[in-house]
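Below are the chains, spelled out letter by letter.
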Amino acid sequence: MRILLCNDDGYQAPGIRALHAALAQFAQVEVIAPEHNNSAKSNALSVHTPIYIREAGEKVRYVTGTPADCMHIALTTPILNYRPDLIVSGINNGANMGDDTLYSGTVGAAMEGYLFGIPAIAFSQVERGWEHLDTAAAQAAQIVQRFATTPGVWLLNVNIPNLPAAALKPAQITRLGRRHAAQPAVVQVNPHGETMYWIGPAGPAQDASEGTDFHAATQGHISISPLNIDLTAHAQLEQW
């Protein structure tokens, strides 16, 4: 199996290193990931600035761009010289559940591969801080092995609770929940007297009912949500 591995925390982040080690036990893995943290970059492409790719070791490259840039360049230039069997993104430092998936660079990288017709999986840990990262990487590797040969082109979003292996409950197939609106932006004044703004934290879960990714994760289950990119409001077509 040939896996192309990316993330949004940067190529040196603990999450991608742990996942690389776990996947390399059974697959050919190549890393093309952002040089720096690119969280919340979603599917953004750098269309107004040049992109550079640097070598960082055997089959490890970093890109001066977004997670989607990484996959776009990898899949539209000769740098790979092959077509990956699977795109894997992560492990992200923190959850990508519910509305988070619209903003997530981790999901954005996986989605870019999906747009090119390659199956893709995005992995995240539910809490920040990398606690029990080795367990998360081992679980991610098992999920890859279980689903990699599934026919067709598909996109999965996986969130793994920060728990030891013995405490994790069986994985559940889930739908995305919903969050309330984000918290207010933080307003500060810099030393030059200029007003600056920081995006506020995400809001709490609004829909964490049974069947959602939020519900599964809070119960100690690994959440696996199949995604698509059709944003059409099908139920409203006739009304409009």
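Asker: Lay out the environment of L163 with the relevant residues and their values.
Answerer: On the secondary structure map, L163 appears in the loop between β7 (155-160) and β8 (169-173). For L163, the residues in contact, after removing those within four places along its chain, are H132, T135, L168 and G220.

Asker: Before we move on, could you go through the state of the cysteines and cite the residues and values that matter?
Answerer: Summed over the entire model, instances satisfying the criterion amount to zero disulfides. Left without a disulfide partner, C6 is nearest to the cysteine sulfur of C70, which lies 4.1 Å away.

Asker: Let's hear about the packing of helix α2 (residues 67-76) against helix α4 (residues 105-115): which residues, and what values?
Answerer: At a minimum axis distance of 7 Å, the contact between α2 and α4 shows a crossing angle of 20 degrees. Between α2 and α4, the angle is such that the two are roughly parallel. Between α2 and α4 lies a crossing of right-handed hand. The segment α2 lies against α4, with P67, A68, M71, H72 and L75 engaging G105, G108, A109, E112 and G113. A class-by-class count of the residues in the contact of α2 with α4 yields five nonpolar, four polar and one charged.

Asker: Break down the nonpolar core for me, citing the residues and quoting the values.
Answerer: Core analysis: the largest hydrophobic core is formed by 37 residues, its most contacted members being L23, V88, F123 and V144. A per-element tally of this core places helix α5 (residues 133-147) first, with eight residues. Every residue in contact with V88, bar those within four places of it in the chain, is listed here: I3, L4, L5, C6, L19, L23, I121, F123 and V144. In this structure, L4, M111, A122 and L227 belong to the second largest nonpolar core, which totals 21 residues.

Asker: Give me the lowdown on the sheet that holds strand β6 (residues 120-125), citing residues and values where you can.
Answerer: Pairing in this open sheet of nine strands is mixed, and the strands run β3-β4-β2-β1-β5-β6-β7-β13-β8 from one edge to the other. Pairing within the sheet leaves two strands with one partner each, and these edge strands are β3 (53-57) and β8. Adjacent strand axes in the sheet meet at a mean angle of 20 degrees, parallel and antiparallel pairs treated alike. Relative to β7, β6 runs parallel, the two being bridged by six bridges.

Asker: For the pattern of salt bridges, give the residues involved together with the corresponding values.
Answerer: Inspection of the entire model under this criterion finds six salt bridges. Here R61 ties to E30 by a salt bridge, and the two come within 2.6 Å at their closest N and O atoms. With R61 in strand β4 (residues 60-63) and E30 in strand β2 (residues 28-34), the pair connects residues that are 31 residues apart, well separated along the chain. Each of the two residues, R61 as well as E30, counts as buried. We note a salt bridge from D207 to R175, for which the minimum N-O separation is 3.0 Å. Here D207, found in strand β12 (residues 205-207), pairs with R175, found in the loop between β8 and β9 (178-179); they are 32 residues apart in sequence, far enough to count as distant. For R175, a relative accessible area of 39% translates into the label partly exposed.

Cut-offs used in this document
Residues numbered from 1 in each chain as written. Predicted model: local features only at pLDDT ≥ 70, side-chain atom pairs only at ≥ 80, totals over all residues. Heavy atoms only, no water. Helix = DSSP H or I, 4+ residues; strand = E, 2+ residues; numbered from the N terminus. Contact = heavy atoms within 4.5 Å. Disulfide = S-S within 2.5 Å. Axes fitted to C-alpha atoms, helices over the stretch in contact; angles between N-to-C directions. Parallel < 35°, antiparallel > 145°, perpendicular 65-115°, else oblique. Left-handed = near helix turned anticlockwise from the far one by under 90°. Nonpolar A, V, L, I, M, F, W, Y, C, P; charged D, E, K, R; others polar. Core = buried A, V, L, I, M, F, W, Y, C linked by side-chain atoms within 4.5 Å. Buried < 20%, exposed > 50% of the residue type's maximum accessible area, 1.4 Å probe, protein only. Pairing = 2+ DSSP bridges. Salt bridge = Lys/Arg side-chain N within 4 Å of Asp/Glu carboxyl O.

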